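In case you want the letters, here they are:
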Amino acid sequence: LSKNVDNFGFMLEISISVRLLHHFGSVEGGALLSGRSFEKMSDKARATFVEQAKDIARVDTPSSWRRLKSVIKQASGGKKKDTDFNQRPALTRWDALDRV
């Protein structure tokens, strides 16, 4: 995107409005690929989210990108503590993997 903040905002806005035509994995057909949080979000809140992301991209520092992480968490309803999801990769033994 060549550090063009307007292009970044445009791509972000488009990416949070992508809907699937057919059921795929755990996402139902017709649902937003970005998740239920953005489905329930009003147009005004969505525009505010994109503007905040653009402001953060404009600053372009490591701390500003960490701020984007918290803005995304706020938009999606906060951190989910009751899940087993762990962002750290699990240790893998290469010899245990099945090869095709």
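For the structure itself, look to the data block above.
Conventions and cut-offs
- Residues numbered from 1 in each chain as written.
- Predicted model: local features only at pLDDT ≥ 70, side-chain atom pairs only at ≥ 80, totals over all residues.
- Heavy atoms only, no water.
- Salt bridge = Lys/Arg side-chain N within 4 Å of Asp/Glu carboxyl O.
- Helix = DSSP H or I, 4+ residues; strand = E, 2+ residues; numbered from the N terminus.
- Buried < 20%, exposed > 50% of the residue type's maximum accessible area, 1.4 Å probe, protein only.

Caption draft 1: Spatial organisation of the pattern of salt bridges. Applying the stated criterion across every chain yields a total of six salt bridges. Here aspartate 6 ties to lysine 54 by a salt bridge, and the two come within 3.5 Å at their closest N and O atoms. Taken together, the residues span a long stretch of sequence, with aspartate 6 in helix α1 (residues 5-15) and lysine 54 in helix α3 (residues 43-59) at a distance of 48 residues. A salt bridge links arginine 46 to aspartate 43; its shortest N-O distance comes to 3.8 Å. Of this pair, arginine 46 and aspartate 43 both sit in helix α3, three residues apart, which is roughly one turn of the helix. Overall, aspartate 43 belongs to the exposed group, its relative accessible area being 63%. Look at the salt bridges and you will find they share partners, linking Asp6, Glu51 and Lys54 into a network.

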